[in-house]
2 protein chains.
Amino acid sequence: MKIAIVGASGAVGQEFMRVLETAPMEIDELRLFGSKRSAGRTYTFRGATTEPVRELTSNPADFAGLDFAFVSAGGDVSKQYADVITSGGAIMIDNSSAFRMDSDVPLVVPEVNGDDAFNAPRGIIANPNCTTIQMVVALKPIHDLSPIRRVHVATYQAASGAGATAMAELEHQSAQIARGEKPEVSKFVSQLAFNLIPHIDVFTENGYTREEMKMHLETKKIMHAPELEVSATCVRVPVLRAHSEAIWVETERELSLDEVRGAFEKAEGIVLIDRCEALGYPMPLDIAGSDPVYVGRIRSDLSNSKGISFWAVADQLRKGAALNAVQIALYIINKRK
Amino acid sequence: MKIAIVGASGAVGQEFMRVLETAPMEIDELRLFGSKRSAGRTYTFRGATTEPVRELTSNPADFAGLDFAFVSAGGDVSKQYADVITSGGAIMIDNSSAFRMDSDVPLVVPEVNGDDAFNAPRGIIANPNCTTIQMVVALKPIHDLSPIRRVHVATYQAASGAGATAMAELEHQSAQIARGEKPEVSKFVSQLAFNLIPHIDVFTENGYTREEMKMHLETKKIMHAPELEVSATCVRVPVLRAHSEAIWVETERELSLDEVRGAFEKAEGIVLIDRCEALGYPMPLDIAGSDPVYVGRIRSDLSNSKGISFWAVADQLRKGAALNAVQIALYIINKRK
């Protein structure tokens, strides 16, 4: 396999390298692309030093002969360079929101709709938003028991969702506060340390943020369920790199907790931590850096006999970004065999 | 007025003193009670030094001649000393969960059910749980427009809910991490800095925690609405002293956003911060130390035509504890005039 990473020096780009390091995939070539600023940097990958990061330009020769290009450098870069990146036949797996809702670009979470990856006429496959990915992995086994009609979800999103500099800013703010200094704010609209910011991405006309609307729209597309309605409240919390979600679902028929637990236990990509005792539930600090979507706190919805409530945590940089994209490539490779 | 504070040196006890400092109430005497450890301490109150904190004992003489006793020293202390505290005719306003669900003890939030305070045959009035207080203040104006049937709520609860030592532990953990040290954990079941703990109070048989069941049960009692069903997920977050809640309500009839906004604007105890722009919503860091319940992010529920979603933030130590208790006393004093 010949692989490119575009945005190699960013938080997600670096996570791509860590995921690919141990991915069950023979990699004959790894080509790294980045901004002018990061051009020339090298990294260690599978025991060797990589070729230097190349500055991303519109030269199609740069992308000749590639199988997959993992792209995570923001929506504008994805739009501007998509034609170049795919010109040599590479499948572009795009981490931005640029193409997610395009009808000719599949939006894929392998555990949910892996086969959609084969319907990519433009050579572009979109990786969903991090909050959507971990939610749909958890919704799928329930939806298979009985179609989900409504979802209410409150998110607790880590700084990592805003990139490596945002993570550094949160740590820096905490250190400044500990030293009695006034914390510097630049990446978020307000201090994030010891605070919550109920505002991720820009506001849309209906009062929801675009982040919240991504959960609404992307879930319908990935799950092939136009009637599945999601209402989300997305909140940035002072956590470094795993997102948590408090979720309520309403299904067509009443489900027992045993049925739901059984479905989660068998589900691909999910680890259940669900004991009614101290530490018997997933927490973001514990699961940072790991691959699965962790589910716990499973309960009947006290306000709805057809409702189930649970808590889902996943590493935003892994399953929420780099890992899911690599899993899409692996799904394609394995199905082709 | 002759006032006692039981648990005077705790986080809530200290907040009682700050609230009473400026409360519109003539205070002729302030008697402070605490554990053996805090006995003897003095504080500055309304420009003078207080009498030393007395060790709480079962001597009825200590509570003779009092009008109100504000009690915040845990449920066991409240149960053990309630008879002594009320023996001289004082109204005990209890901050613990000890008596909240007793049929002969009213559970009062003045903006919602102030008159219930006059039906206290045992001389005990219970102050609701902090998360419930701020939620019912926000539910009331909607419920008055059209009865609420269902509530889904995800909480983002500050360290202050677990007391002054918990707040200190969160700050200490953050400082230790900034210095590269391993953070010490003693107050919570896990490190809270840079983490979330979806577990507050003990687990109950149905998988909900007692904190979550408080929101379910107390809301029915305060709002006189046995059919109003609340499903809560309560989560501790690394914030110092204000609780935030993502709330969805379903009402009997469909409400417009204008109606809901209008009702919030007129409602007692609520401040609306609801603009679709950066900082156009309440955040816990900004509102710590202030009195109202702040409401923002008001939207139609995309999954339910009879649903409304919003975000509510209030200082856990003020409206969530000390302030509400003092407001109960003021409500009684003013109605008696």
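The coordinates are above.
Reading guide: rules and limits
Residues numbered from 1 in each chain as written. Chains lettered and ligands numbered in written order. Predicted model: local features only at pLDDT ≥ 70, side-chain atom pairs only at ≥ 80, totals over all residues. Heavy atoms only, no water. Helix = DSSP H or I, 4+ residues; strand = E, 2+ residues; numbered from the N terminus. Rg over C-alpha atoms; globule rule 2.2 N^0.38 Å. Buried < 20%, exposed > 50% of the residue type's maximum accessible area, 1.4 Å probe, protein only. Areas by Shrake-Rupley, 256 points an atom, 1.4 Å probe, with all protein chains shown as cover. Lys, Arg positive; Asp, Glu negative; His and termini not counted. Charge placed at Lys NZ, Arg CZ, Asp CG, Glu CD. Core = buried A, V, L, I, M, F, W, Y, C linked by side-chain atoms within 4.5 Å. Contact = heavy atoms within 4.5 Å. Pairing = 2+ DSSP bridges. Axes fitted to C-alpha atoms, helices over the stretch in contact; angles between N-to-C directions. Least-squares fit on C-alpha atoms with pLDDT ≥ 70 in both. Disulfide = S-S within 2.5 Å. Expected span 1.5 Å × (residues − 1). Buried area = accessible area lost by both parts, 1.4 Å probe. Salt bridge = Lys/Arg side-chain N within 4 Å of Asp/Glu carboxyl O. Polar contact = N/O pair within 3.5 Å; in protein donor to acceptor, adjacent residues only side chain to side chain. Nonpolar A, V, L, I, M, F, W, Y, C, P; charged D, E, K, R; others polar.

Participant: Could you clarify how one ought to interpret the overall build of chain A in this entry?
Facilitator: Within chain A, the secondary structure is distributed over nine helices and 14 strands. Rg of the C-alpha trace for chain A: 20 Å, near the compact-globule value of 20 Å for 337 residues, within the 12% margin. With the principal axes as the frame, chain A shows a C-alpha extent of 60 × 60 × 45 Å. Sorting the 337 residues of chain A into buried and exposed places 61% on the buried side. A total accessible area of about 12,300 Å² is found for chain A, and carbon and sulfur atoms account for 48% of it. Charge centroids of chain A, computed over 35 positive and 43 negative side chains, lie 1 Å from each other.

Participant: Would you explain the nonpolar core in this entry?
Facilitator: Leu20 and Phe70 of chain A together with Leu20 and Phe70 of chain B are the most contacted members of the largest nonpolar core, which has 95 residues in total. Excluding residues within four positions of it along the chain, Leu20 of chain B makes contact with Ile3, Ile5, Met25, Ile27, Leu30, Phe45, Arg46, Phe70 and Val326 of chain B. The next biggest cluster of nonpolar side chains, apart from the first, holds 56 residues, and it includes Met92, Ala138, Ile200 and Val260 of chain A.

Participant: Even after reading the chapter, I still don't get the sheet that holds strand β9 (residues 148–156) of chain B, so can you show me in this structure?
Facilitator: Strand pairs in the sheet, formed through backbone hydrogen bonds, run parallel or antiparallel to each other. All names here are of chain B. Strand order in the open sheet formed by six strands is β10-β9-β11-β14-β13-β12, with mixed pairing between adjacent strands. Each end of this open sheet is capped by a strand with a single partner; those strands are β10 (229–233) and β12 (270–272). Pairs of neighbouring strands in the sheet enclose a mean axial angle of 25°, with direction left out of account. Sitting on the sheet, helix α6 (residues 210–223) is in contact with β9, β10 and β11 (242–251), with an inclination near 155° to β10.

Participant: Is there a simple way to explain the sheet that holds strand β2 (residues 29–34) of chain B in this structure?
Facilitator: Residues and elements named next belong to chain B. Pairing within the open sheet is parallel, and its six strands lie in the order β5-β2-β1-β6-β7-β8. In the strand order of this sheet, the two ends are held by β5 (54–55) and β8 (124–126), each with one partner. Pairing of strand β6 (residues 68–71) with strand β7 (residues 91–94) involves four bridges; the strand directions are parallel. What sits directly across from Phe68, in β7, is Ile91. In the packing of helix α1 (residues 11–22) onto the sheet, the strands contacted are β1 (2–6), β2 and β6, and the crossing angle to β1 comes to about 155°. Set on the sheet, helix α9 (residues 318–336) makes contact with β6, β7 and β8; between it and β6 the angle comes to about 165°.

Participant: Even after reading the chapter, I still don't get the relation of the copies chain B and chain A, so can you show me in this structure?
Facilitator: In this structure, two copies of a chain are linked by a rotation about an axis accompanied by a shift along it. The transformation that overlays chain B on chain A combines an axial shift of 0.0 Å with a rotation of 180°, and the residual RMSD is 0.0 Å. A rotation of that kind, with that shift, is consistent with a two-fold axis. Same-surface contact between copies: 100% of interface residues of chain B are shared with the interface of chain A.

Participant: Is there a simple way to explain the state of the cysteines in this structure?
Facilitator: Working definition of a disulfide: a covalent bond connecting the sulfur atoms of two cysteines. All names here are of chain A. By the definition in use, this model includes zero disulfides over all chains. Here Cys130 stays unpaired: no disulfide links it, and the sulfur of Cys234, its closest cysteine neighbor, is 8.7 Å away. Since its relative accessible area comes to 8%, Cys130 is described here as buried. A relative accessible area of 0% places Cys234 in the buried class.

Participant: Teacher, can you tell me more about helix α2 (residues 75–86) of chain A here?
Facilitator: One turn of an α-helix holds 3.6 residues; hence residues three or four places apart share an orientation. Residue and element names in this part refer to chain A. Taking 1.5 Å of rise per residue, 12 residues should cover 16 Å, and α2 covers 16 Å from first to last C-alpha, within 8% of that figure. Buried within α2 are the following residues: Ser78, Tyr81, Ala82, Val84, Ile85 and Thr86. Of the surrounding elements, those touching the buried residues of α2 are β1 (2–6), β6 (68–71), β7 (91–94) and β8 (124–126).

Participant: So what exactly am I meant to see when it comes to the interface of chain B and chain A here?
Facilitator: By a widely used convention, the size of an interface equals the accessible area lost when the partners come together. The interface of chain B with chain A comprises 61 residues on the first partner and 62 residues on the second. For the pair chain B and chain A, the summed buried surface comes to about 5,200 Å²; carbon and sulfur atoms form 66% of the total. Contact with chain A buries area across many residues of chain B, yet Phe194, Leu196 and Leu302 of chain B alone supply 15% of it, more than any other trio. Scanning the region where chain B abuts chain A turns up six salt bridges. Arg297 of chain B is paired through a salt bridge with Glu212 of chain A; the nearest N and O atoms lie 2.6 Å apart. Where chain B meets chain A, there are 33 residue pairs in polar contact (both at pLDDT 80 or more). Residue classes in the side of chain B that touches chain A are distributed as 34 nonpolar, 18 polar and nine charged.

Participant: Help me understand unusual backbone geometry in this model?
Facilitator: Glycine aside, negative phi is the norm for most residues, and most peptide bonds take the trans geometry. Despite not being glycine, Leu279 of chain A shows a phi value in the positive range, around 70°. Backbone geometry at Arg46 of chain B places phi at a positive 50°, although glycine is not the residue there. Of note, Arg46 of chain B is situated in the loop between β3 (44–45) and β4 (48–49). Classification of Arg46 of chain B as partly exposed rests on a relative accessible area of 33%.

Participant: Could you clarify how one ought to interpret the pattern of salt bridges in this entry?
Facilitator: Opposite charge on two side chains allows them to pair when their charged atoms are near. Tallied over the entire structure, the rule returns 50 salt bridges over all chains. Note that Asp104 of chain B and Arg122 of chain B form a salt bridge whose closest N and O atoms lie 3.0 Å from each other. Of this pair, Asp104 of chain B sits in the loop between β7 and α3 (110–113) while Arg122 of chain B is found in the loop between α3 and β8, placing the two residues 18 residues apart along the sequence. Across the pair Lys140 of chain B and Asp144 of chain B runs a salt bridge whose closest N-O atoms are separated by 2.9 Å. Placement of both Lys140 of chain B and Asp144 of chain B in helix α4 (residues 130–145) is noted, with a separation of four residues, approximately one turn of the helix. Residue Asp144 of chain B is classed as exposed on the basis of its relative accessible area of 53%. The structure contains a network of salt bridges with shared partners spanning Glu15, Arg18, Arg241, Asp291, Asp315 and Arg318 of chain A.

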